[in-house]
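Per-entry structural report
Letter by letter, the chains look like this.
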Amino acid sequence: MQPTDHETELLIPLHVSYIKALDTKVDSLAYHLTTHLRMNGVYWGLTALEIMGEPQVLDKDQLVRFVLSCWDDQNGGFGSFPNHDSHILSTLSAIQILAMKDSLHVLEERGMKQTLVSFILSLQTPSGSFQGDKWGEEDTRFLYCSVSALALLGELDKLDRKRTVDHILRCGNFDGGFGRREGAESHSGQVFVCVAALSILESLDKVDVDKLGWWLCERQLDNGGLNGRPQKLEDVCYSWWVLSSLSMIKRLDWINAEKLSAFILSAQDPEGGGIADRPDNVTDVFHTNFGVAGLSLLGYRGLKQVDPTYCLPSEVVQKLGIERDYQR
Ligand code: FPP
Ligand code: ZN
């Protein structure tokens with residue numbers, strides 16, 4: 001049987017229309033049920049558009065206005081939607097959107113930058129870990145978001161680097177991977193956040209990269225997809241968490257790129273557009289972004305280069321002068 005187009009080609013125009021349409025469904029129930037993820041959703045959609053070379057599909061002024069409308073002037077962070085409590089997950093997405101739109105300068109112009117930096121630094125605990133917000137949940141995801149945000153803002157020198165790096169290393173496990181906190185099991189998403197934070201903090205020399213590389217490449221299954229942990233199913237978003245980590249530790253060629261690329265393409269919806277977590281499932285903007293970003297790391301033709309540490313177009317990261325050394 002001959003493979004169909006959606007099994008061999010990335011359907012760029014269809015995915016662009018899919019993301020554009022998400023922006024117009026403001027009367028739908030789904031739109032109102034997902035306000036807690038809106039800032040992240042805008043970041044995922046915009047990043048995918050940038051990598052596919054169609055960033056202008058979302059209006060720049062409207063994006064900047066939306067981001068600014070989510071600022072919490074009480075504590076200096078960003079929420080996911082106007083009047084929502086601020087959280088480091090939405091704060092990083094807000095900063096990433098401004099970076100992609102070359103608009104980080106508005107933070108300084110509006111006198112928001114110093115309170116924003118103070119908000120991020122206030123999330124660090126005495127042990128070096130980070131909380132996501134004032135309510136206190138700690139996770140290496142929040143540490144990564146804080147470190148990446150400070151780097152994008154050019155304020156990394158305000159961070160206690162040693163305390164931060166020591167905490168990440170304590171979250172490392174005997175199998176070479178990393179978990180969400182000390183003693184927690186290895187998980188590819190947590191490997192990404194720990195490795196990317198170490199990359200930003202120029203401390204990857206403290207990691208046994210061969211052991212970690214083995215754990216990561218063992219995530220590839222016979223169908224070409226990657227899973228997040230042993231015994232779990234493949235999922236398109238792990239194309240990002242695993243591949244970007246392999247790129248940062250310069251072991252990108254330890255997995256079968258052709259099989260992974262075919263797996264990501266097979267999870268596209270050839271009618272409605274978008275990419276799902278695995279073939280025949282419902283698509284969403286999260287998996288669309290990480291599928292497209294994964295293909296970019298694999299050097300898929302026609303896509304812009306993505307930065308594995310910041311999950312932003314390489315051009316944006318280079319312009320800010322914060323790029324690290326990777327394997328492409
Ligand atoms: C898996 O999540 C993914 C992670 C644990 C990493 C998430 C990282 C961030 C939110 C930081 C921001 C990231 C970027 C790229 C800017 P999951 O809950 O889906 O795991 P599961 O597959 O085990 O359910
Ligand atoms: Zn997923």
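Structure: above.
A brief look at the structure comes next. It should be emphasised that the depicted structure is a prediction, and the values quoted were computed from it without experimental measurement.

Let's talk about the coordination of the zinc ion (ligand 2)
Any two of four tetrahedral donors ideally make an angle of 109.5 degrees at the metal, while pairs among six octahedral donors ideally make 90 or 180 degrees. Those protein atoms acting as donors to the zinc ion (ligand 2) are Asp235 (OD), Asp235 (OD), Cys237 (SG) and His287 (NE2), and they sit at 2.2 to 2.5 Å. Within one chain, the residues donating to the zinc ion (ligand 2) are spaced in sequence as D-x1-C-x49-H. Of this pair, Asp235 sits in the loop between α12 (209–217) and α13 (237–248) while His287 sits in helix α15 (residues 285–297); the two residues are 52 residues apart in sequence, bridging distant segments of the chain. For Asp235, a relative accessible area of 11% puts it in the buried group.

Describing the layout of surface pockets
Vacant regions in the atomic arrangement are exposed by a probe of water-molecule size rolled over the atoms. Quantified by volume, the second largest pocket comes out at close to 500 Å³. Surrounding the second largest pocket, 23 residues form its lining, Trp44, Leu89, Arg141, Trp241 and Phe286 being those nearest its centre. Within the residue set of the lining of the second largest pocket, elements represented by two or more residues are α4 (38–51), α6 (88–100), α9 (140–152), α11 (188–200), α13 and α15. For the lining of the second largest pocket, the class distribution of residues is 16 nonpolar, six polar and one charged.

Re helix α8 (residues 113–122)
Looking at α8, one finds that the buried residues are Lys113, Leu116, Val117, Phe119 and Ile120. Taken end-on, α8 shows its buried residues confined to a sector of 155°, consistent with a single buried face. Residues of α8 that are buried sit in contact with α6, α7 (105–109) and α9.

What to know about the pattern of salt bridges
Under the defined criterion, the tally for this structure stands at 17 salt bridges. For the salt bridge of Asp210 with Arg251, the shortest nitrogen-to-oxygen distance reads 2.9 Å. Pair noted here: Asp210 is in helix α12 and Arg251 is in the loop between α13 and α14 (257–266), with a separation of 41 residues, a long-range link. Asp210 sits in the partly exposed class, given a relative accessible area of 39%.

Side note on the packing of aromatic side chains
Scanning the entire structure with this criterion turns up nine aromatic pairs. When the ring of Trp44 is compared with that of Phe286, the centres are 4.9 Å apart and the planes differ by 80°; the resulting orientation is edge-to-face. Residue Trp44 is found in helix α4, and its partner Phe286 is found in helix α15; the two are separated by 242 residues along the sequence. Seen from their ring centres, Trp240 and Phe290 are 6.3 Å apart, and the 35° between their planes marks the pair as tilted. Of the two residues, Trp240 sits in helix α13 while Phe290 sits in helix α15, which places them 50 residues apart along the sequence. Accessibility classification places Trp240 together with Phe290 in one group, the buried group. Pairwise contacts between aromatic rings join Trp44, Tyr144, Phe192, Trp240, Trp241, Phe286 and Phe290 into one cluster. Here Arg219 stacks its cationic end above the ring of Trp215, 4.6 Å away from the centre of that ring.

What about unusual backbone geometry?
In this structure, Asp102 takes a positive phi of about 50° despite not being glycine. Relative to the helices and strands, Asp102 is located in the loop between α6 and α7. Given a relative accessible area of 46%, Asp102 falls into the partly exposed group. Positive phi, close to 60°, is recorded for Lys250, a residue that is not glycine. By the element assignment, Lys250 lies in the loop between α13 and α14. Owing to a relative accessible area of 37%, Lys250 belongs among the partly exposed residues under this scheme.

About the cut-offs
Residues numbered from 1 in each chain as written. Chains lettered and ligands numbered in written order. Predicted model: local features only at pLDDT ≥ 70, side-chain atom pairs only at ≥ 80, totals over all residues. Heavy atoms only, no water. Donors = N, O, S within 2.8 Å, 3.2 Å for Na, K, Ca; no water. Helix = DSSP H or I, 4+ residues; strand = E, 2+ residues; numbered from the N terminus. Buried < 20%, exposed > 50% of the residue type's maximum accessible area, 1.4 Å probe, protein only. 1 Å grid on protein atoms, 1.4 Å probe; cavity = no way out; pocket = protein on both sides within 12 Å on 5 of 7 lines; lining within 4 Å. Points joined across faces, edges and corners; volume = space filled by probe spheres on them. Nonpolar A, V, L, I, M, F, W, Y, C, P; charged D, E, K, R; others polar. Arc of directions from axis to C-beta. Contact = heavy atoms within 4.5 Å. Salt bridge = Lys/Arg side-chain N within 4 Å of Asp/Glu carboxyl O. Phe/Tyr/Trp six-rings, centres within 6.5 Å; stacked < 30°, edge-to-face > 60°. Lys NZ or Arg CZ within 6 Å of the ring centre and 35° of its normal.

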